[in-house]
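In case you want the letters, here they are:
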Amino acid sequence: MIAARERILVTPRSLTSAGLENVPELAPLIEAGYELLPGPPGRTPDETELSDLLSQDVVGYLAGVEPVSAEALRSAPALRVISRNGVGTDAIDMSAAAAAGIAVEVARAANAPGVAELTVLHMLAALRDFDGAVAAVRAGEWDRTRGGELGNRTVGIVGLGAIGRTVAAVAASFGADVLASDPFVEQSSLARMVDTAELFSSSDVITLHSPPGDRPLVDADALRALRHGAILINTARSSLVDDAAVLDALESGRLGAYAVDAFDAEPPALTPLLRHPRCRPTPHLGGFTEESMHRAVSLAVDNLLRGLGSEAA
């Protein structure tokens, strides 16, 4: 057995709000002899709180969405493994982690089904003006908008990883023509591979499932190439999109609807874009399902135990 003083910090809000003792997926860590140290219940720690927690003999860190700065990592001399219960590492200072010899692991593909289902939900809701229809009936009105069918549309998918492939399969099952752009995929049975420029100019519905780059993928130039009234969905990263350009495109009608489930800060400030009647913001719901959470935590725990395995019995 490992020494009882060695600790694993657990910060995801879904876990700390439930109480770590009530999360069965964490049991293997306790069985291996580690002590679990919870973050603030139901919220992400700020940098000061995180630094204090990491300084407490923490050798492993099951991380949520909170930023992990170089300053916080300097407070963690014992830390050897950071294991996220998600797929992104952009909140972590990877250079600082590498310099400190800290391994960083992700729960690859754990949330893919949940994010893909939410993406398709946003597609269908936008095509049928679902929110407006519900609001009209609740207001005692009978105001119908003639919608469109996904099967008669071209769906463009930026990023053909686990999420993108699932979206492609579902869209194709509806009868949609599916295009995809991914620098790491040359051909696919699920979609016709095209470059990003052709995808933007040829698609009625565009959904983003790629990692962020040095600049927004969806900027004013990309939006000018869209078919009039196109639908844009972002369940990936907020930095993929130039918010000001998207707002201009919504106001001009070039963009028919924008659905977003990814934000720099949670909760986000209510900007003019998020208040726009044809913007549908959702509170980071993509991977927030029972199934996705169980998969993600289990994978994160497995990654921690493997990363710390040389020390465990």
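Residues numbered from 1 in each chain as written. Predicted model: local features only at pLDDT ≥ 70, side-chain atom pairs only at ≥ 80, totals over all residues. Heavy atoms only, no water.

**Q** Looking at this model, I keep getting lost on the sheet that holds strand 4 (residues 81-84). Mind explaining?
**A** Two strands in a sheet stick together by hydrogen bonds in their backbones, pointing the same way (parallel) or opposite ways (antiparallel). The 5 strands lie next to each other as 2-1-3-4-5, forming an open sheet whose pairing is parallel. At either margin of the open sheet sits one strand with a lone partner, and together these are strand 2 (35-38) and strand 5 (103-105). On average, adjacent strands in this sheet sit at an angle of 20 degrees to one another, irrespective of strand direction. Note that strand 3 (residues 58-63) and strand 4 share 4 bridges and pair parallel. Bridge assignment links Tyr 61 to a residue of strand 4, and that residue is Ile 82. Lying over the sheet, helix 13 (residues 290-307) contacts strand 1 (7-10), strand 3, strand 4 and strand 5, oriented at roughly 165 degrees with respect to strand 4. (Pairing = 2+ DSSP bridges. Helix = DSSP H or I, 4+ residues; strand = E, 2+ residues; numbered from the N terminus. Axes fitted to C-alpha atoms, helices over the stretch in contact; angles between N-to-C directions. Contact = heavy atoms within 4.5 Å.)

**Q** What am I meant to see in the pairing of strand 4 here?
**A** Regular strands place their side chains on alternate faces of the sheet. Both faces of strand 4 are covered, namely the face carrying Val 81 and Ser 83 and the face carrying Ile 82 and Arg 84. Relative to strand 5, strand 4 is paired through 3 bridges, and the arrangement is parallel. If you follow Ile 82 over to strand 5, its bridge partner there is Val 104. As a crossover connection, the stretch from strand 4 through helix 5 (residues 94-99) into strand 5 is right-handed. (Buried < 20%, exposed > 50% of the residue type's maximum accessible area, 1.4 Å probe, protein only. Right-handed = clockwise from strand over helix to strand, strands pointing away.)

**Q** How should the pattern of salt bridges be read in this particular structure?
**A** Close approach of charged atoms lets side chains of opposite charge pair. Enumeration according to the criterion identifies 10 salt bridges in this entry. For Arg 280, the salt bridge identified is with Asp 131, shortest N-O distance 2.7 Å. Linking Arg 280 in strand 12 (residues 279-281) with Asp 131 in helix 7 (residues 130-138), this pair joins segments that are 149 residues apart in sequence. Under the relative-accessibility criterion, Asp 131 is labelled partly exposed at 39%. A salt bridge links Arg 215 to Asp 219; the nearest nitrogen and oxygen atoms lie 2.6 Å apart. When its relative accessible area of 55% is taken as the criterion, Arg 215 is described as exposed. (Salt bridge = Lys/Arg side-chain N within 4 Å of Asp/Glu carboxyl O.)

**Q** Mind showing me how you'd approach the sheet that holds strand 9 (residues 205-208) here?
**A** Reading across from one edge, 8-7-6-9-10-11-12 is the order of the 7 strands in this open sheet, with parallel pairing throughout. Both edges of this open sheet fall to strand 8 (192-193) and strand 12, since each of them pairs with a single strand only. Pairing analysis gives 3 bridges linking strand 11 (residues 255-260) to strand 12, with the strands arranged parallel. Residue Val 260 lies in a different strand from strand 12, and its bridge partner there is Pro 281. Here helix 11 (residues 243-252) sits on the sheet and contacts strand 10 (230-234), strand 11 and strand 12; the angle it forms with strand 11, its principal contact strand, is near 140 degrees.

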